[in-house]
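Given next are the chains, with one letter for each unit.
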Amino acid sequence: MNSELPKNYEPASVEENISRTWLAEKAFAANPAASGEPYCIVIPPPNVTGALHLGHALNNTLQDILIRYHRMRGFNVLWVPGIDHAGIATQAVVEKQLKEKENKTRHDVGREALVQRIWQWKEQYGNRILEQLKRLGCSCDWERTRFTLDEQCAAAVRETFFKLFGDGLVYRGKRLVNWDIFLQTSVSDDEIYHETVKTHLWHIAYPIDGSDKKMVVATTRPETMLGDTAVAVHSSDARWNWAIGQKVRLPLVDRLIPIIADDILVDPKFGSGVVKVTPAHDPNDYAVWQRHLGQPDAIDIINILHPDGTLNDNAGIYQGMRRDKARRQIVEDLRQRDLLIKEEPYETQVGHSDRSKTPIEPYLSDQWFIKMAPLAEPALEVVRRGLVRFHPQRHAQQYLAWLGEKRDWPISRQLWWGHRIPIWTREFELTEPLNSLTESAEPISPPATAALRKALGPDAETVLKGGEEHILRVEAIADRPDWMRATVCVRREVAAMQQVLEKCGFEQDADVLDTWFSSALWPHSTLGWPRATAELAKWNPTSVLVTARDIITLWVARMVMMNLYNMGQGRWTSDGQREAQAKIASDPEAAARFVPFHDVAINPTILDGKGERMSKSKGNGVDPVEIIDTHGADALRFTLAQMATETQDVRLPVKKLADGRNTSEKFEMGRNFCNKLWNAARFAMTALAEASPATVSRNDLSLPDRWILSRLGQTIAAADLAIKTFRFDQYAKAVYDFVWGDFCDWYVETLKPVLKGDARPDAGAAVLAAVLDASLRLLHPVMPFITERLWWQLNEVCPQRGVAQVLDCPTSARLIHASWPTAPAVDQEAETLFERLMQVITAIRNLRNQHNVEAKKAITIRMEDAQFSAQDLMTHQAIIELLANCLVLNAQTPPPGTSAQVQAGGCLLTAYGLSDPDAERQRLAKRREELVKQIAALEARLANPNYSQKAPPQLVQQTRSQLSQAQAELGGIQ
């Protein structure tokens, strides 16, 4: 290595070399057998389809700060990387390519071929974002990279489903779901967004059967009337309550449907007081159907759609039409029959799929669900008791509110890419009916057993046996009492068992599991569960999760739930919620062992300068890889860290370059800081190479030495507190203020005469080396590349560093493995005295600027007592003269000429030789003339009632402030 750093800092060459070295030396590798308190983070797995965006860059920078900090503090650190298979998003990408390149659909190529194509796509593009995270400097243990579809994660998924099935916590049922017509799959409530859509409100007449009266309903979706099974009114509405129990004739379909009372659905003050009820295509209407189920006024439920959005045979003459075409035709038919009372423009909120960006259709579908109540209550309790803590704490409310609803979780998706549900089914005809519609098969009733043996033949005993590897359940089929359905849940992917089931006529469920199901297992599946691994024993629970608020419900809550369920060995799964709560309350230490993490740090969302979310479609995003190319990874990381406040959102003004790329001037601060550090370190190490740093102790220290070491101690303490409380912005500010302000702007400047041999070079050089050493350690978590490079150079120039009994600097070949600096004791006396010196120097510099003194020209200063003694500062006369470019008088007789006075540092300062007296008088006279005119104009403006009374108050106040400033300046001149 060259003994001198290059003059200019070039991030690209430095970062590539450092990164290559770290990876070659496996600097990020974790070992469960190593000593040290465990500290673990599992990365929020980005989608396999993803590329690095600013949200990823911010989130992973904050994680890396925590990881590097704890690694330096001696913890046994593991940061697990990985990616999510992103079922809907990934399949959509490959299907789109298939359509564009070959004009084929997934059904044309088949399930096996499509899945094979997706795996090929994943191998080609799937690791792109991980490579970008390496460029960002993320110190993950890359050899432990996990994928939510790899064998280890798949084993955890199957084991969890098997446990849930065995505990009766997973079931299949027909429910109303959010249906993506384009992708033909259900999506969760959290995977849709709403947009305002301009449409119409159609008022339609529903004739009352046996009467000449009509009820008028208003709808934005007239095509759904084909699935109406009732109209509802309020029981207290005198306009219509007389008709409750009668029927209306459904227009176009000519089907009689009942008039029911539902005081929850209907607001008599809104519209006509009549609401159409379409349970299969509206969530509110579905709730009406559920409320009336089993009652005398129970209503039907009719689905009118195919999965692809075309109308099915329940739609009559409109069968086969798409929704939009059917809507137009139905409106026209209603108009022709004089049943369309009114049509008016209307705006409404319509849910859209976050993946396909198409409108969501409420759709009645068979889906798999998890019962949330028994799982949710323990997950709520660990947050209530502080066993899982949110930072900022306010975000816990979102978690508690959502999980407190305990809505059953729909976990099936009608896709081909993902974890296929390990359920096999076959239907059998019975010779005797089952006793119950939900008869469970332990023990299976004799009629069911006989039917199974007869149907399965020689393999019947294998299927009937059940046990550790598969569970058999039997249930009656509601609308076919002479038939039963046998369901087998298989624990492991064993070919022999699947062959037996296929031979016996069982078919595997076609659906795959929701992507969030496998993600919910991420903290323990990545560490080896369900196997009892050393990693699981060492690092679960993990230490902290850093994530965005958008997925507190989708992911955070579900991870807490499933970690308690799987790692707690079922002890928290009691159906009695009070019992589960009591267990946690009585044994919080046990519960704390089963949570997935102890802290959840929520990072802010980055918006553009206008407060809008960044996105490709809006063209307002900033590509972090391009910022790394132009500014360096350290500049990007530091800028993002100082933006990570406790606010929900932060704004980043976006600037478009001539070549069309987006950037932001905010990143200039990070780049400038890197350059400042590089130049200061370069100067320091050049000086250290020529000086003779020696071991020094407290008694050898000068005032600047004592001050910088005390300031270092204060900064280390501030950094420790900031990282402990997840205040990354405060950590960034603390190290920035110390390195740029205290170290570069003040301490290094005071050392120049010392390093030139004027006084004690050994002591000055030793403290300089020690403080530079500690500064690099302090900055390393947020700016790892530049600090590692400077560390290597410092090791070469000054291999032994430290100040005895004040600051230990144990050396290490690599900064990433160096220890975190210990804080020197606070020296309040030195800080107070040096602060006075800084005030004096700053005041003299200001006087020079105010009087336009040439940079090289020295002025003369006399210091006298004011609040404090001037003699304390006169002891450090050389520092004042050096940094303020002045000569401090010791004689009492002042030199002739003009002078100016100011108080600073508790002393009265008189400055001489500021300017030529005649030139100064001319300058002041000219300025006085300008101020007199300005004051007259401002006074006239304020005296005008049209301005003072009618102008915006803030503008009037601004004018008054300008007048006050001008008057004050004029007084000073006079």
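Note that the structure is a prediction, hence the values are computed from the model and not measured.

1. Here's the deal with the overall build of the chain
Okay, step 1: Scanning the chain from terminus to terminus reveals 33 helices and 34 strands.
Okay, step 2: Here the C-alpha coordinates of the chain stretch approximately 120 × 80 × 60 Å along the principal axes.
Okay, step 3: Scored against the burial criterion, the 974 residues of the chain give a buried share of 53%.
Okay, step 4: Excluding contacts between residues fewer than 6 apart, the proportion of contacts in the chain whose partners are at least 24 apart in sequence is 77%.
Okay, step 5: Accessible surface, the chain: about 43,500 Å² in total, of which carbon and sulfur atoms supply 48%.
Okay, step 6: Looking at charge distribution, the chain has the averaged site of its 113 positive side-chain charges lying 2 Å from that of its 122 negative ones.

2. A short note on the pattern of salt bridges
Okay, step 1: Under the definition given, this model contains 60 salt bridges.
Okay, step 2: In this structure, K174 and D366 form a salt bridge, with 3.4 Å as the shortest nitrogen-oxygen distance. Placement of the pair is K174 in strand β5 (residues 170-180) and D366 in strand β14 (residues 360-370), with a sequence separation of 192 residues.
Okay, step 3: Residue class for D366 comes out partly exposed when judged on its relative accessible area of 33%.

3. Section: the sheet that holds strand β11 (residues 255-261)
Okay, step 1: The strand order across the open sheet formed by 4 strands is β10-β11-β9-β12, and the pairing between neighbours is mixed. Since the sheet does not close on itself, it has two edges, and those belong to β10 (247-250) and β12 (275-277), each with one partner. Each strand axis lies, on average, 35 degrees off the axis of its neighbour in the sheet, ignoring direction.
Okay, step 2: As paired strands, strand β9 (residues 230-233) and β12 are joined by 3 bridges and run antiparallel to one another. Residue pairing across strands places A232 opposite V275, the latter belonging to β12.

4. Quick word on the packing of helix α21 (residues 624-631) against helix α22 (residues 633-643)
Okay, step 1: Here α21 crosses α22 at 120 degrees, and the two axes come no closer than 7 Å. Judged by the inter-axis angle, α21 sits oblique to α22. Of α22, the residues touching α21 (which contributes P624, I627, I628 and H631) are A633, A635 and L636.
Okay, step 2: Considered class by class, the residues forming the contact of α21 with α22 number 6 nonpolar, 1 polar and no charged.

5. What about the pairing of β11?
Okay, step 1: Looking at chain direction, β9 and β11 are connected through 3 bridges and run parallel. Bridge pairing links V231 to I259 in β11.
Okay, step 2: For β10 and β11, the ladder comprises 4 bridges, and the chain directions are antiparallel. In the strand pairing of β11, K247 is matched with P258.
Okay, step 3: Once β10 ends, the chain turns through 4 residues before running back antiparallel as β11, passing L252 with a positive phi of about 70 degrees.

6. A look at empty space enclosed by the protein
Okay, step 1: The final tally for this structure, using the stated rule, is 5 cavities of 30 Å³ or more.
Okay, step 2: Taken as a whole, the largest cavity encloses approximately 100 Å³ of empty space.
Okay, step 3: For the largest cavity, the lining is made up of 15 residues, of which H391, P392, I602, F726 and F728 are closest to its centre.
Okay, step 4: The element contributing the most residues to the lining of the largest cavity is strand β24 (residues 597-603), with 3 residues.
Okay, step 5: A breakdown of the residues in the lining of the largest cavity according to their chemical character gives 9 nonpolar, 4 polar and 2 charged.
Okay, step 6: Volume-wise, the second largest cavity comes out at about 50 Å³.
Okay, step 7: Of all the elements, helix α1 (residues 11-24) adds the most residues to the lining of the second largest cavity, at 3 residues.

7. Quick notes on the packing of helix α2 (residues 54-72) against helix α6 (residues 128-136)
Relative placement of two packed helices is described by the angle separating their axes and the distance separating the axes.
Okay, step 1: Two numbers describe how α2 lies on α6: the axes approach to 11 Å, and their chain directions differ by 55 degrees. What the angle tells us is that α2 and α6 run oblique. Regarding α2 and α6, the two cross each other, and that crossing is right-handed. Along its contact with α2, which presents H56, A57, N60 and T61, the element α6 presents I129, L133 and L136.
Okay, step 2: Classifying every residue of the contact of α2 with α6 by side-chain character gives 4 nonpolar, 3 polar and no charged.

8. Observations concerning α6
Okay, step 1: Looking only at α6, the buried set comprises I129, L130, Q132, L133 and L136. Here the buried residues of α6 occupy an arc of 160 degrees about the axis, which is enough to place them on one side.
Okay, step 2: Of the residues flanking the end of α6, it is G137, one or two places downstream, whose phi is positive at about 100 degrees.

9. A short note on the confidence of the model for the chain
Okay, step 1: Averaged over the chain, the pLDDT score is 89; the fraction of residues at 70 or greater is 94%.
Okay, step 2: Below a pLDDT of 50 lies the segment residues 436-441, which in the model reaches 15 contacts outside its immediate sequence neighbourhood of four places, other chains included.
Okay, step 3: Taken as a whole, residues 570-576 scores under 50 in pLDDT and shows 22 contacts with residues more than four places along the chain or in a different chain.

10. Points about the packing of aromatic side chains
Okay, step 1: On inspection of all chains with the given rule, the structure shows 22 aromatic pairs.
Okay, step 2: An angle of 80 degrees between the planes, with centres 4.8 Å apart, marks the rings of Y69 and W820 as edge-to-face. Of this pair, Y69 sits in helix α2 while W820 sits in the loop between β30 (807-809) and α28 (828-850), and the two are 751 residues apart along the sequence.
Okay, step 3: In this structure Y69 comes out as buried when scored by relative accessible area, which is 4%.
Okay, step 4: With centroids separated by 5.5 Å and ring planes inclined at 45 degrees, the aromatic side chains of W121 and Y125 adopt a geometry described as tilted. Linking W121 with Y125, this pair stays in helix α5 (residues 111-125), spanning 4 residues, or about one helical turn.
Okay, step 5: Against the face of F594 rests R593, its NZ or CZ located 5.8 Å from the ring centre.
Okay, step 6: We note R941 situated over the ring of Y947; from NZ or CZ to the ring centre the distance is 6.0 Å.

11. Regarding unusual backbone geometry
Okay, step 1: Cis geometry is found at the peptide bond from H391 to P392, where omega equals -5 degrees.
Okay, step 2: With respect to the helices, strands and loops of the structure, P392 is situated in the loop between β15 (389-391) and α11 (396-405).
Okay, step 3: For the peptide bond that leads from W529 to P530, omega is 15 degrees, which places it in the cis range.
Okay, step 4: Among the structural elements, P530 can be located in the loop between α16 (522-525) and α17 (534-539).
Okay, step 5: Even without glycine at this site, L252 takes up a positive phi of about 70 degrees.
Okay, step 6: Mapping L252 onto the fold places it in the loop between β10 and β11.
Okay, step 7: A residue is classified by how much of its surface remains accessible, and L252, at 18% relative accessible area, is buried.
Okay, step 8: One non-glycine residue, K406, lies in the positive phi region at around 55 degrees.
Okay, step 9: Considering the arrangement of structural elements, one finds K406 in the loop between α11 and β16 (409-410).

12. Considering the pairing of strand β33 (residues 899-904)
Okay, step 1: Bridge count for β33 against strand β34 (residues 907-912) is 6 bridges, and the pairing is antiparallel. Looking at β34, one finds that S899 is bridged to Y912.

13. Focus on the sheet that holds strand β6 (residues 185-187)
Okay, step 1: A sheet is described by the order of its strands in space; here 4 strands give the open sequence β6-β5-β14-β16, paired in antiparallel fashion. At either end of the open sheet lies a strand with only one pairing partner, and these are β6 and β16.
Okay, step 2: Bridge analysis of β14 against β16 gives 2 bridges, and the strand direction is antiparallel. Each bridged residue has a counterpart across the sheet, and for I370 the counterpart in β16 is W409.
Okay, step 3: Lying over the sheet, helix α8 (residues 283-292) contacts β5 and β14, oriented at roughly 150 degrees with respect to β5.

Each value, and the rule that gives it
- Residues numbered from 1 in each chain as written.
- Predicted model: local features only at pLDDT ≥ 70, side-chain atom pairs only at ≥ 80, totals over all residues.
- Heavy atoms only, no water.
- Helix = DSSP H or I, 4+ residues; strand = E, 2+ residues; numbered from the N terminus.
- Buried < 20%, exposed > 50% of the residue type's maximum accessible area, 1.4 Å probe, protein only.
- Contact = heavy atoms within 4.5 Å.
- Areas by Shrake-Rupley, 256 points an atom, 1.4 Å probe, with all protein chains shown as cover.
- Lys, Arg positive; Asp, Glu negative; His and termini not counted.
- Charge placed at Lys NZ, Arg CZ, Asp CG, Glu CD.
- Salt bridge = Lys/Arg side-chain N within 4 Å of Asp/Glu carboxyl O.
- Pairing = 2+ DSSP bridges.
- Axes fitted to C-alpha atoms, helices over the stretch in contact; angles between N-to-C directions.
- Parallel < 35°, antiparallel > 145°, perpendicular 65-115°, else oblique.
- Nonpolar A, V, L, I, M, F, W, Y, C, P; charged D, E, K, R; others polar.
- 1 Å grid on protein atoms, 1.4 Å probe; cavity = no way out; pocket = protein on both sides within 12 Å on 5 of 7 lines; lining within 4 Å.
- Points joined across faces, edges and corners; volume = space filled by probe spheres on them.
- Left-handed = near helix turned anticlockwise from the far one by under 90°.
- Arc of directions from axis to C-beta.
- pLDDT = per-residue confidence, 0-100.
- Phe/Tyr/Trp six-rings, centres within 6.5 Å; stacked < 30°, edge-to-face > 60°.
- Lys NZ or Arg CZ within 6 Å of the ring centre and 35° of its normal.

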